[in-house]
Amino acid sequence: MEQLKLNNGQTIPQLGLGVFKVQDAGDLKSAVAEALKVGYRHFDTATIYHNEEWLGEALAESDVPREELFITSKVWNNNTTYDETITAFHESLKKLQTDYLDLYLIHWPSEGYNEKWRAMESLYNDGLIKSIGVSNFEKPHMEKLMTTAKIKPAVDQVETHPYFQHKELNEYLKSMDIAHEAWGPLGQGKSNVLEDPVLVKIAEAHDKSVAQVILRWHLQRDIIVIPKSVHAERIAQNINVFDFSLTDEEMSMIASIDKNQRGSGDPNDEEFLKGTMSRR
Ligand SMILES: NC(=O)c1ccc[n+]([C@@H]2O[C@H](COP(=O)([O-])OP(=O)(O)OC[C@H]3O[C@@H](n4cnc5c(N)ncnc54)[C@H](OP(=O)(O)O)[C@@H]3O)[C@@H](O)[C@H]2O)c1
């Protein structure tokens, strides 16, 4: 597994398993067991996914030592203060059955993120989190965060796929030495990106699936990917992307199919952000 070095010297496996919308304990546990078997060590959850507890159980039941695992969770938008963030973090730790997180993220740039960040810096300084980062932050959010931050985020996890490539943000994050992590790397199964003719052609040329070509494209952009699947065959397929590479021409062909088409919420939409704060 390729590792990327973060701006604080920590490393992150460049590919992991996402578990958004896995709402069945059995599905989650079998997906995690399968993932561990085929070499995944990086798992991405969040408080709002309501499955941290199952992930904690699945990892505790495995014989993989904690230090080999990379666990990410995220603080939800209903927590707006320093104290609420500290409490939410400790609840996540307990559910995940661990005494530290590898990465903890502010889930969205909703109200109070500068205060949340102050709490995360304190948890980081106490050694309870190896790296701290943000999610769904675009340049203006990052700039506002940096007006009070003492520590620069290590990671920004944002929607990214061939129909929403986030080229400008990618350049900005590179200039800031903040790692770009893609959520929805396969278009969340919502868009028809997996049937795109350009991607189908490239996949045929490499004898790979379209999903594998997309994941490879992300990796070659130095992006961290966390594809979600609850199917053993796809879990195995999605990590089998380190034995081929795309040519510069193929990378350019994929660059040209961008539609700037978001599949989910827009972090620049204040009404959307407000609406998320009442969710639990
Ligand atoms: N920070 C945020 O705001 C945020 C938002 C969304 C997601 N995330 C994180 O990012 C992770 C990934 O994003 P996502 O789950 O939304 O979307 P995704 O990984 O782009 O897509 C998942 C969908 O693709 C299907 N799939 C997976 N592998 C496939 C393959 N090889 N061939 C065909 N279809 C395949 C899955 O179906 P099956 O499961 O049925 O196989 C599922 O329907 C999440 O799980 C979560 O951890 C973060």
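Along each chain, the written sequence defines residue order, and numbers are assigned to residues from 1. Confidence filtering applies because this is a predicted model: local features only for residues at pLDDT of at least 70, side-chain atom pairs given and counted only at 80 or more, and all residues used for totals across whole chains, interfaces and linings. Water and hydrogen atoms play no part in the side-chain values, which are based on all heavy atoms of the structure.

K.L.:
Tell me what's going on with the pattern of salt bridges, and back it up with residues and numbers.
P.N.:
Whenever a carboxyl oxygen of Asp or Glu lies within 4 Å of a side-chain nitrogen of Lys or Arg, that contact is scored as a salt bridge. Counted by the stated rule, this structure contains 12 salt bridges. Put simply, Glu34 and Lys37 hold a salt bridge, and the shortest N to O gap is 3.3 Å. Here Lys37 and Glu34 lie together in helix α1 (residues 25–37), a separation of 3 residues that amounts to about one turn. Per-residue accessibility, obtained with a 1.4 Å probe over protein chains only, is compared with the maximum for each type, and a residue is labelled buried under 20%, exposed over 50%, and partly exposed between these values. With relative accessibility at 18%, the residue Glu34 sits in the buried group. The partner of Asp258 in a salt bridge is Lys167, with the nearest N and O atoms 3.6 Å apart. In this pair, Asp258 sits in the loop between α10 (248–255) and α11 (270–276) while Lys167 sits in helix α6 (residues 167–176), placing the two residues 91 residues apart along the sequence. By relative accessible area, which is 25% here, Asp258 ends up partly exposed. Overlapping salt bridges bring together Lys29, Glu57 and Glu61 as one network. In DSSP terms, a helix is any run of H or I states spanning at least four residues, a strand is any run of E spanning at least two, and both are numbered starting from the N terminus.

K.L.:
Which residues make up the UniProt feature "domain: NADP-dependent oxidoreductase" (unreviewed entry) in the chain, and what values go with them?
P.N.:
UniProt positions are given in the numbering used here, feature names are shortened, and annotations may be inferred rather than shown by experiment. The UniProt record marks residues 24–258 with the feature "domain: NADP-dependent oxidoreductase" (unreviewed entry), using the residue numbering of this structure. Taken end to end, residues 24–258 is 45% helix and 14% strand, and its two terminal C-alpha atoms sit 34 Å from one another.

K.L.:
Kindly report on the sheet that holds strand β6 (residues 101–106), identifying the contributing residues and their values.
P.N.:
At least two DSSP bridges between two strands are required for those strands to pair. Ordered by their spatial adjacency, 8 strands build an open sheet running β3-β4-β5-β6-β7-β8-β9-β10, and the pairing between neighbours is parallel. At either margin of the open sheet sits one strand with a lone partner, and together these are β3 (17–18) and β10 (224–225). For strand β9 (residues 179–183) and β10, the ladder comprises 2 bridges, and the chain directions are parallel. In the sheet register, Ala182 faces β10, and the bridge partner there is Val225.

K.L.:
Tell me about the site of the ligand, residues and numbers included.
P.N.:
The full set close to the ligand counts 29 residues, and Asp44, Leu186, Lys228, Ser229 and Arg234 are the nearest of them. Here an oxygen atom of the ligand and a backbone polar atom of Val19 are 3.2 Å apart. Polar contacts, as counted here, are pairs of nitrogen or oxygen atoms within 3.5 Å of one another; within protein the pair requires one atom able to donate a hydrogen and one able to accept it, and residues that are adjacent in sequence qualify only if both atoms are side-chain atoms. Tyr49 places a side-chain nitrogen or oxygen 3.2 Å from a nitrogen atom of the ligand. To measure how exposed things are, a 1.4 Å probe is used in the Shrake-Rupley method; for residues, cover is taken only from the protein chains shown. Expressed as a share of its isolated accessible area of 900 Å², the protein-covered part of the ligand is 89%. Of all the elements, helix α9 (residues 232–239) adds the most residues to the shell around the ligand, at 3 residues. For the shell around the ligand, the per-class residue count stands at 12 nonpolar, 13 polar and 4 charged. Nearness is judged by heavy atoms alone; a residue qualifies as near a molecule or strand once a single heavy atom is within 4 Å of it. Throughout, the ten residues Ala, Val, Leu, Ile, Met, Phe, Trp, Tyr, Cys and Pro are labelled nonpolar, Asp, Glu, Lys and Arg are labelled charged, and all others, Gly among them, are labelled polar.

K.L.:
Can you explain the packing of aromatic side chains? Please cite residues and give values.
P.N.:
Aromatic contacts are taken between Phe, Tyr and Trp rings whose centres are within 6.5 Å, Trp giving its six-membered ring; a plane angle under 30 degrees counts as stacked, one over 60 as edge-to-face, and the others as tilted. Tallied over the entire structure, the rule returns 4 aromatic pairs. Taking the centre distance of 4.9 Å and the plane angle of 40° together, the rings of Phe20 and Tyr49 count as tilted. Pair noted here: Phe20 is in the loop between β3 and α1 and Tyr49 is in the loop between β4 (42–44) and α2 (52–61), with a separation of 29 residues, a long-range link. The exposure class of Tyr49 is buried, given its relative accessible area of 8%. Of note, Arg66 hangs over the ring of Tyr100, and the distance from its end group to the ring centre comes to 3.8 Å. If you follow Lys259 out to its NZ or CZ, it ends over the ring of Tyr163, 4.0 Å from the centre. By the criterion adopted, a ring carries a charge over it if an Arg CZ or a Lys NZ lies within 6 Å of its centre and within 35 degrees of its normal.

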